[in-house]
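Read off the chains here:
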Amino acid sequence: MSGHSKWATTKHKKALVDAKRGKLFAKLIKNIEVAARTGGGDLAGNPTLYDAVQKAKKSSVPSDNIDRAVKRGSGAEAGGAEYQSILYEGYGSGGIAVLVECLTDNRNRAASDVRVAFTRNGGQMADPGSVAYLFSRKGVIVVPKEGTSEDDVMEAVLDAGAEEVTDEGDSFEVLTEATDLVPVRQALQDAGIEYDSADVVFHPATEIEVDVEGARTIMRLIDALEDSDDVQNVYANFTASDEVLAALDG
């Protein structure tokens, strides 16, 4: 069980406090704009946009903001920025591999932010390709537990192409091939099962077990990276026991 997945769940809740709400909203809006620019503004014909909008709604982004982002991205309204997608690679302390996904309208600023976060938090940037091979593209769907059993989820998704269903505490995590994300998500909808998010992510092939100090150090690096407005997602190949995570929360 991925310590980072469990941390992401906790992090998602903590990110909804007022201090970080604006930053979270901005990242979700940026995802919507890029999805609309890439595949058009029709949610029915653009599954990436559909998922970006659903995620924003689940995070309480106002509908007006979502609608304007779709219009800017699709060109129906002026004002959309030209975002570039950039992947940075690096290492945290203890040799933990880190991938940083950025969406930015200023490549130099993004690179500087990422480099500073690494160097100030015990990490270092790496050459392109030196870390990415440790991860593969996977679809991850998070299903809240309320009123849903693991058997219900398994029954709905296995024939649609899901690889595994994992109990993550207060939710189930459905893992798929990246290309199977949409049909598996559709299978959940057809079964009447609510989901919190459906994303294509970088999934580590192997993970490094960390102790409390190691977890605290890598979390500090992830926090610093995520603090940049240009950083959309951070992935790291570590895992932590329940005891370590409990010590961190404490």
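Scroll up a little and you will see the structure.
Report follows, based on the coordinates. Not measured: the values here are computed from a predicted model.

Rules behind the numbers
- Residues numbered from 1 in each chain as written.
- Predicted model: local features only at pLDDT ≥ 70, side-chain atom pairs only at ≥ 80, totals over all residues.
- Heavy atoms only, no water.
- Helix = DSSP H or I, 4+ residues; strand = E, 2+ residues; numbered from the N terminus.
- Phe/Tyr/Trp six-rings, centres within 6.5 Å; stacked < 30°, edge-to-face > 60°.
- Buried < 20%, exposed > 50% of the residue type's maximum accessible area, 1.4 Å probe, protein only.
- Lys NZ or Arg CZ within 6 Å of the ring centre and 35° of its normal.
- Pairing = 2+ DSSP bridges.
- Axes fitted to C-alpha atoms, helices over the stretch in contact; angles between N-to-C directions.
- Contact = heavy atoms within 4.5 Å.

### Observations regarding the environment of Asp-127
Part 1: Structurally, Asp-127 can be placed in the loop between strand 3 (124-126) and strand 4 (135-144).
Part 2: Sequence separation of Asp-127 and Tyr-88 is 39 residues, and the distance between their C-alpha atoms is 8.5 Å.

### Comments concerning the packing of aromatic side chains
Part 1: Applying the stated criterion across every chain, the model contains one aromatic pair.
Part 2: Each ring, one from Phe-202 and one from Tyr-235, has its centre 5.6 Å from the other, and the planes form 65°; the classification is edge-to-face. Of the two residues, Phe-202 sits in strand 7 (residues 197-204) while Tyr-235 sits in strand 9 (residues 231-236), which places them 33 residues apart along the sequence. Grouping residues by exposure puts Phe-202 and Tyr-235 together as buried.
Part 3: Above the face of the Phe-202 ring, Arg-137 is positioned so that its terminal group lies 4.2 Å from the ring centre.

### Remarks on the environment of Gly-75
Part 1: Tracing the sequence through the fold places Gly-75 in the loop between helix 4 (63-74) and strand 1 (84-91).
Part 2: Taking the relative accessible area as the measure of exposure, Gly-75 reaches 59% and is therefore exposed.

### Concerning the pairing of strand 4
Part 1: Among the ten residues in strand 4, seven count as buried, and that is most of the element.
Part 2: Judged from the eight bridges that link them, strand 4 and strand 7 form a sheet pairing that is antiparallel. The partner of Gly-139 across the bridge, within strand 7, is Val-200.
Part 3: Relative to strand 6 (residues 171-177), strand 4 runs antiparallel, the two sharing seven bridges. Along strand 6, the bridge assignment pairs Ile-141 with Val-174.

### A look at the sheet that holds strand 6
Part 1: A sheet is described by the order of its strands in space; here four strands give the open sequence 5-6-4-7, paired in antiparallel fashion. Only two strands of the sheet have a single neighbouring strand rather than two, namely strand 5 (162-167) and strand 7. Mean inter-strand twist for the sheet, computed between neighbouring axes without regard to direction, equals 30°.
Part 2: On the sheet, helix 7 (residues 181-190) packs against strand 4, strand 5, strand 6 and strand 7 and is oriented at approximately 10° with respect to strand 4.

### Looking at the sheet that holds strand 9
Part 1: Taken in spatial order, the four strands make up an open sheet running 3-1-2-9, and their pairing is antiparallel. Both outer strands of the open sheet, strand 3 and strand 9, are each paired with one neighbouring strand and no more. The mean inter-strand angle of the sheet, taken between neighbouring strand axes irrespective of direction, is 30°.
Part 2: Bridge count between strand 1 and strand 2 (residues 97-104): eight bridges; the pairing is antiparallel. Directly across from Gly-90, in strand 2, lies its bridge partner Val-98.

### Notes on unusual backbone geometry
Part 1: If you check the backbone angles, Ser-60 has positive phi at about 70° while not being a glycine.
Part 2: With respect to the helices and strands, Ser-60 occurs in the loop between helix 3 (47-58) and helix 4.

This is a description of form; function is not addressed.
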